Amino acid sequence: MTFSWKKIPLHQKILAGLVFGALFGALFNVSKFELSVTYGPPRTEQSVTVRHWDRIDILSADSTILASFGPDDQLKILQYIRRLPVAERSIRTLQATIKGVVSRYPGIRSVEKVQSLAVMIKPIGTVFVRLLMFVAIPMVLASLIVGAASLGDIRRVGKLGGKTLLWYLATIVIAITIGLTLVNVIQPGVRISPESREKLMTEFQADMLVPTEGVSLVDTFVRIVPPNPFAAMTGGEMLQIIFFALMIGVSLTLIDPPKAKPVVDFFDGFSELMIRMVGMIMTLAPYGVFALIAATVGEFGFDILGTLFWYALTVVVGLALHTFGVLPAAVRLLTGIPAKFFLRGMRDPMLVAFTTSSSAATLPVNMKACEDNLGVPKNITSFVLPLGATVNMDGTSMYQAIATVFIAQVYGVDLNLGQQITVLIMAVLASIGTAPVPGVGIIMLMIVLKSVHVPEEGIALILGIDRFLDMCRTVPNILGDAAVATVMAKSEGTLERRW
Ligand code: ASP
């Protein structure tokens, strides 16, 4: 028997990309004991790699020591340099002592981690994500116009919208409840040592993100109406695009059928071609996934996993319960689709969500999988999934609830039942306000923390592991949308039996 890569099913190739990418990333891990230093006057600057230093000092122009760092302080050194204004950097000298030998690098220009091969191939993954993002908006627009036109009158659209939102709310509340229960039982915040806490706070405080303004529900509603639909499209404003497409779709049913038909046919053909394009892009998925995972694993400091073990475990167990237990069981109960069949049909989008950490990038793959594998008609996927990608984030809301209670536990703040209910409500709102792209969940976490007066700087504690948890939480984020899409199709009587 000869091995043929071409004959392997796509999801197995993607899985292979994931596994080999992780191994590759682990092999070419960015070293914690190396620094690439660029120094010297402009145009004649030089670069050296400093390895395994015993001590690094930063000296002023008259050689007084301004700061000293030990062999494990790579992150601190990087942060110190990053915080120095550029003009000041160039009058400082970096002095490295390695086994008693002192080397001086005057006129510091930049100090960086040494790039590894795993990080260098990241652009391949970035191209894959960009390809997915670029099909998402035209695809949603075209299929939703056709979908709304086929749904017919506005009341039906309104009813479907109402039902969808209710189900979204239900899945989010279940997810948060699981999260809150687990974090109260496992108590990860109590298990973290004061030394670890100190270490995390000093290492990550400087990377703290800019706080966002609060989410206002009224504002969110007002902003659904785009003053300029083309600006909405260029800005990727999903809710505004949904609104625009729905208006066109519904209006199409109200004009003369001979006039409406060519428009509907055009968008129908257009959405068909977009789906075909997703199929083409997905043939690149194994390589994109390989590169993305390799870069993430290559950059990731594994020791943080040890420090935050109980916290990460709580989040991962909660997300896994929701992904592999609650959602498939609910789908089975409400639509009759067997749990295994549901999960099998969703393999591709789940893998893409995990590796890209972006519900927005996964949206086209999710639409395709729901239509092709689960038998959800286009008029449901085109409405329910883009809406879900924007407002329904089961994983993110669960994670925000767990993180809030975890930080409260570390700081010794007791959250009573009433406050935990506030956490629940705020996590629902924060996840609605979270943009479906990597790393936004942790920014919106500030709002939840604020609502129950848990110190916001506590975010520094969990920042180091967020990249990994972001990958995990994006999976239930998109699976929740797909689950609701099947339930909506069933309730509309349009779910095709595929199992
Ligand atoms: N990465 C998540 C998503 O795109 C959002 C987040 O939690 O940061 O669904």
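Worth saying up front: this structure is predicted, and the values here are computed from it rather than measured.

Enquirer: Explain the environment of Val 475 here, please?
Expert: Tracing the chain through its elements places Val 475 in helix 23 (residues 466-491). Considered as a pair, Val 475 and Ala 353 are 122 residues apart in the sequence and their alpha carbons are 5.4 Å apart.

Enquirer: Help me understand the sheet that holds strand 2 (residues 46-51), please; the structure alone is not making it clear to me.
Expert: Pairing between the strands of a sheet is mediated by backbone hydrogen bonds and can be parallel or antiparallel. Spatially, 2-1-7 is the arrangement adopted by the three strands of the open sheet, whose pairing is antiparallel. The sheet terminates laterally at strand 2 and strand 7 (108-112), the two strands that pair on one side only. Each strand of the sheet is rotated relative to its neighbour by a mean of 20 degrees, with strand direction disregarded. Helix-sheet contacts for helix 2 (residues 74-83) involve strand 1 (34-39) and strand 7, and the interaxial angle to strand 7 is about 145 degrees.

Enquirer: Could you clarify how one ought to interpret the environment of Leu 333 in this entry?
Expert: With respect to the secondary-structure elements, Leu 333 resides in helix 14 (residues 309-335). Since its relative accessible area comes to 75%, Leu 333 is described here as exposed. When the C-alpha positions of Leu 333 and Val 487 are compared, they lie 9.6 Å apart, and in sequence the two are 154 residues distant.

Enquirer: Just to check I follow, could you spell out the sheet that holds strand 4 (residues 65-69) for this structure?
Expert: Across the sheet, which stays open at both edges, the four strands sit in the order 4-3-5-6 with antiparallel pairing between neighbours. Taken across any chain shown, the strands that pair with only one partner, and hence form the sheet edges, are strand 4 and strand 6 (101-106). Ignoring strand direction, the axes of neighbouring strands in this sheet form an average angle of 20 degrees. Inspection of the sheet shows strand 5 (residues 93-98) paired to strand 6 by six bridges, in the antiparallel sense. Counterpart to Thr 97 in the pairing with strand 6 is Val 102. Strand contacts of helix 2: strand 3 (55-59) and strand 4, with the helix running at about 150 degrees to strand 4, the strand carrying the most contacts.

Parameters at a glance
Each chain has its residues counted from 1, following the order in which its sequence is written. Local features in this predicted model are restricted to residues of pLDDT 70 or higher, and side-chain atom pairs are both shown and tallied only at a pLDDT of 80 or more, whereas totals for entire chains, interfaces and linings draw on every residue. Only hydrogens and water are removed before side-chain values are computed, so all heavy atoms of the structure are retained for them. The numbering of helices and of strands both runs from the N terminus, where a helix is a DSSP run of H or I of at least 4 residues and a strand a run of E of at least 2. A pair of strands counts as paired when DSSP detects no fewer than two bridges linking them. An axis is simply a line fitted to the C-alpha atoms; with a helix, the fit covers only the stretch in contact. Between two such axes, the angle follows the N-to-C directions and lies from 0 to 180 degrees. Contacts were defined at the residue level, with two residues in contact if any of their heavy atoms lie within 4.5 Å. Here's how the labels work: a residue is buried when its accessible area is under 20% of the maximum for its type, exposed when over 50%, partly exposed in between, all with a 1.4 Å probe on protein chains only.

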